[in-house]
Amino acid sequence: MKAEESIKLDLMKKFAIAEDKIRVTRARRLFVELAHADFEKVFVYAKDTLKFGHLVSITGFDEADKLAFMYHMAHDNGVVLNLRFSVSKESPVIHSMTKYFPGADIYERELVDLFGAKVEGLAEGNRYPLTDEWPRNEHPLLKDWKPADKKERAA
Amino acid sequence: MSIISKVVTWARMKSPWIIHFNTGACNACDIEIIAALTPRYDIERFGVVLKGTPRHADVLVCSGPVTRQIESRLKRIYEQMAEPKFVIAVGTCACSGGVFNGCYNIMGGIDKVIPVSMYIPGCPASPKAIMDGAVKLLASLEEKEK
Amino acid sequence: MHESHKFKIPIGPQHPALKEPESFSVALKGEKILGVEIRLGYNHRGIEKACEERTYIQDIYLAERICGICSHSHSSCFIQCVEELAGLEVPKRGLFIRTLIGELERVHSHFLWLGVAGHEVGFDTLLMYTWRDRELVMDLLAGLTGNRVNYGMNTIGGVRRDVTKEQLRKIKETVDVLEERTMYYIKIATSEPTLINRLSGVGVLSREDTLSLDAVGPTARASGVSRDVRRDDPYAAYAELNFYVITDDHCDVYGRTIVRVKELLESFKIIREIVAKIPEGPIAVKAPRRIPAGEALSRYEAPRGEDMHYVKSNGSDKPERVKVRAPTLANVQAVKHMLKDRYLADLPIVIAAIDPCFSCTDRMVRLDRMDKGQSDVINWKQLHDYSLGWHREHGVDFSSLNERLKKAL
């Protein structure tokens, strides 16, 4: 796992990330926990310098009083670098990464619909994946959201 | 093959024109419906014709558990069909919601939205089951006409 | 939504259909596409949420039904995460069987695609031929797993059914027949001018755009981008098998056709190697009900391209979070780009060429005629018929080819 370990050391040194915030879980897999303020510069460094040129997807998480977002970036050699940061639920504002990866568009819309993220810089467009009639303040992937409520309300 | 001779009888009496609609299915049932039309099963030689528009169709063949996004479209397609019209729910999802029963974006089966004449379960329903169901539906109509 | 706001599009009682969500909104100037908006989500079922409320074993059955064509792909991709979290080492024989089913799935899916592509351009004999051949694969899969689709072959820790020597022999026999038929399709694809002309220069995506728009699967490989998870991030038994990653430089729908037919040959090669090399031994290890806390990300090269599953476990028998990114979603941006400045009549085959994992048979298409200031809504069949008619007017007609080949069917 030499490649993975060297990426870990590089990120630790360059961005002053603590060792316990970067985990190499197995060959070709790194998971990094970042402060929101550091995210974009690490993301751009990973893309442009480390050549993680493929954004596989973005995963949202409901973490009690926070929302977390994990960006899955892959290298041609198969290594996947997963960068995660969290924001408060009161102000879940993140920035669109579509300027670096146009493909991020659909993944970011999913975060808006399912978690209530507010993505600055995301172009106008159809929501995804929920219907236009679905209320904008109902986010089904939040842990305390229950399907039964929805059915009653629709009936 | 008694199924085949029944279908031939049925087709001689009535050549049903069908429209196929996917209400949010995984596609497995849809492929089996279309497979029923291709050489090995070849339902078209019995006069069953796949049409593109509801206005010319007698039978609406539906797959899928009906997602919220597609619900109004399903209703509209049914409304556009002229009487007499019949609905076949193909696959366990179309019958009851299947494995997706309880999911937040699912109505839970075709009959939650429009009346169903024939239920063909299976995950997916096989082409043979689809043909068998279609034959049984038309045999029951034959009975009614008598 | 569309860049030009110069024209008012009347929306009112004369277009009641406009109230329904259209899957495609096409801004047109004459016959040319200015831009396309694609609305997905009509088959959003809420699977990720459902996964959190069900056990890992129940979630395998959900994963299988995300897409009925890539059913084994999704189930394997999911299970790979869970096996990693549980620290399980799947026995070699189990991995070989899992890979075998995966390659048979690729074969049936590519035959299906060839038929659908043929149908979209009016080459219906190709649909009849390829779906007839596909039935041989469906028979094999039904014999091995008990079902034509949704095989239920995977379990956490391995596979549920073993294969017999007799079944392996039958697989090899069938692959020989399929290979001969595939050579015939390759011959058609590379020598029938009607087909070559129809598919060439359509849905163009340069290598640079493929990389910047981050496309996956045969769509990317047809633009010279050598991306294949089986080689780049090996899983199941792929690290021990020999195969080429097929690329092509046409950068268009023709290229995507060539990639898929050649991939069929690679799949036959892999299947033969599995049949020859499959080791003896157990097919699964026992898995715990509660999965230790952790997170895992798994990738799989489905017939359509890279599939991704991410699972976060919390020590219970239910996952904390399951994220699925199916391959078609990754190609959405690329498709929008492919359609700019192209003819409306090419839309059906360009969409079909990314091999979307959604049924196109009934999608509504809104045409915003920017030069006339009006909108129509048509269904997919009407668009399909328009496309065939337009191409016939422009000299592309498959009737004689269909006639000629029907006799040989």
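It should be emphasised that the depicted structure is a prediction, and the values quoted were computed from it without experimental measurement. Just so you know, the residues in each chain are numbered from 1, in the order the chain's sequence is written. Just so you know, chain letters begin at A and ligand numbers begin at 1, following the order they were written in. Per-residue local features of the predicted model are confined to residues with pLDDT of at least 70, and side-chain atom pairs are confined, for both listing and counting, to 80 or more; whole-chain, interface and lining totals are unaffected and use all residues.

Brief notes about the overall build of chain C
Inclusion rule: The helix and strand labels rest on DSSP assignments: H or I over at least four residues marks a helix, E over at least two residues marks a strand, and numbering proceeds from the N terminus. For a compact globule the rule gives 2.2 Å times the number of residues to the power 0.38, and the radius of gyration it is set against comes from C-alpha atoms. Burial in this document is a count-based property: other C-beta atoms within 10 Å of a residue's C-beta are tallied, and the residue is buried at 20 or more, exposed at 12 or fewer, or partly exposed in between, with C-beta positions derived from the backbone. The contact criterion used is a C-beta to C-beta distance within 7 Å, with each C-beta placed from the backbone.
Secondary structure assignment for chain C yields 16 helices and nine strands. What you see for chain C is a C-alpha radius of gyration of 22 Å, in line with the 22 Å of a compact globule of 409 residues. Dimensions of chain C, computed from the C-alpha atoms along their principal axes, are close to 65 × 50 × 35 Å. When burial is assessed residue by residue, chain C has 58% of its 409 residues classed as buried. Looking at chain C alone, contacts between residues at least 24 apart form 73% of all its contacts between residues at least 6 apart.

Examining the packing of helix H4 (residues 92-121) of chain C against helix H11 (residues 253-277) of chain C
All names here are of chain C. What counts, and what does not: Axis lines are fitted to C-alpha atoms, over the contacting stretch for helices. Their N-to-C directions set the angle, which ranges from 0 to 180 degrees. Geometric relationships in this document are graded by angle, where less than 35 degrees denotes roughly parallel, more than 145 denotes roughly antiparallel, 65 to 115 denotes roughly perpendicular, and other angles denote oblique. What makes a crossing left-handed is the near helix being turned counterclockwise from the far one by less than a right angle; a clockwise turn instead makes it right-handed. Note on residue classes: Ala, Val, Leu, Ile, Met, Phe, Trp, Tyr, Cys and Pro are nonpolar, Asp, Glu, Lys and Arg are charged, and everything else, Gly too, is polar.
It is at 9 Å that the axes of H4 and H11 come closest, and there the two elements cross at 155 degrees. Looking at the two axes, H4 sits roughly antiparallel to H11. Note that H4 runs across H11; the crossing there is left-handed. Judged by residue contacts, Phe96, Thr99, Leu100, Glu103, Arg106, Val107, His110, Trp113, Leu114 and Ala117 of H4 engage Thr257, Arg260, Glu263, Leu264, Ser267, Ile270, Ile271 and Ile274 from H11. Class assignment of the residues belonging to the contact of H4 with H11 gives a composition of 10 nonpolar, four polar and four charged.

Quick look at the interface of chain A and chain B
Taken together, the contact between chain A and chain B spans four residues of the former and five residues of the latter. Across the side of chain A that touches chain B, the residue classes break down as two nonpolar, one polar and one charged.

Topic: the interface of chain B and chain C
With 31 residues of chain B in contact, the opposing surface of chain C contributes 34 residues. Secondary-structure elements contributing two or more residues to the side of chain B that touches chain C are strand E1 (17-22), helix H2 (28-35) and helix H3 (68-80) of chain B. Among the elements that take part in the side of chain B that touches chain C, H3 of chain B stands out by supplying five residues, more than any other.

Comments concerning the domain arrangement of chain C
All names here are of chain C. Filter applied, for reference: Domain start and stop points were drawn from an automatic or database domain assignment.
In terms of domains, chain C is made up of domain 1 (18-42 + 330-400) and domain 2 (47-329). Placing the centre of domain 1 and that of domain 2 at their C-alpha centroids yields a distance of 28 Å. Of the residues in the side of domain 1 that touches domain 2, the class split is 16 nonpolar, five polar and two charged.

A word on the environment of histidine 72 of chain A
Residues and elements named next belong to chain A. Its location among the elements puts histidine 72 in strand E4 (residues 66-74). The exposure class assigned to histidine 72 is buried, which follows from the 24 C-beta atoms found within 10 Å. In this structure, the C-alpha to C-alpha distance between histidine 72 and arginine 26, residues 46 residues apart in sequence, is 15 Å.

What about the confidence of the model for chain A?
The cut-off we apply is this: Per residue, pLDDT captures the predictor's confidence, and it can take any value from 0 to 100.
A residue-level look at chain A finds 95% of positions with pLDDT of 70 or above and a mean pLDDT of 93. Here residues 150-155 of chain A scores under 50 on pLDDT; set against residues more than four positions off or in separate chains, the count is one contact.

Points about the nonpolar core
As a reminder of what qualifies: For the purposes of this analysis, a nonpolar core is taken to be any set of buried Ala, Val, Leu, Ile, Met, Phe, Trp, Tyr and Cys residues that are connected through C-beta atoms within 7 Å.
Membership of the largest hydrophobic core comes to 206 residues, with the highest contact counts inside it found for Leu83 of chain A together with Val90 of chain B. The residue makeup of this core includes at least three contributed by each of domain 1 (18-42 + 330-400) and domain 2 (47-329) of chain C. Among all residues touching leucine 83 of chain A, those that are not within four sequence positions of it are Val32, Leu34, Phe39, Val42, Phe43, Ala46, Met70, Tyr71 and Met73 of chain A.

Comments concerning H2 of chain B
With eight of eight residues buried, H2 of chain B lies mostly within the body of the structure. Among all positions of H2 of chain B, only Ala28, Cys29, Asp30, Ile31, Glu32, Ile33, Ile34 and Ala35 of chain B are buried.

Side note on the sheet that holds strand E5 (residues 294-302) of chain C
Residue and element names in this part refer to chain C. The condition is simple: Pairing between two strands requires that DSSP report at least two bridges joining them.
Read across the open sheet, the three strands follow the order E5-E6-E7; overall the sheet is antiparallel. The strands lining the two open edges of the sheet, one partner per strand, are E5 and strand E7 (321-325). If you compare each strand with its neighbour and ignore which way they point, the axes differ by 10 degrees on average. Against the sheet, helix H3 (residues 71-85) touches E5 and strand E6 (305-313), its axis set at about 150 degrees to E5.

Brief notes about the pairing of E6 of chain C
All names here are of chain C. Counting buried positions over the nine residues of E6 gives nine, a clear majority of the element. Sheet analysis places E5 next to E6, joined by nine bridges and oriented antiparallel. Bridging from a neighbouring strand, arginine 299 pairs with methionine 308 of E6. Once E5 ends, the chain turns through two residues before running back antiparallel as E6. Sheet analysis places E6 next to E7, joined by five bridges and oriented antiparallel. Bridge pairing in E7 links histidine 309 to valine 324.

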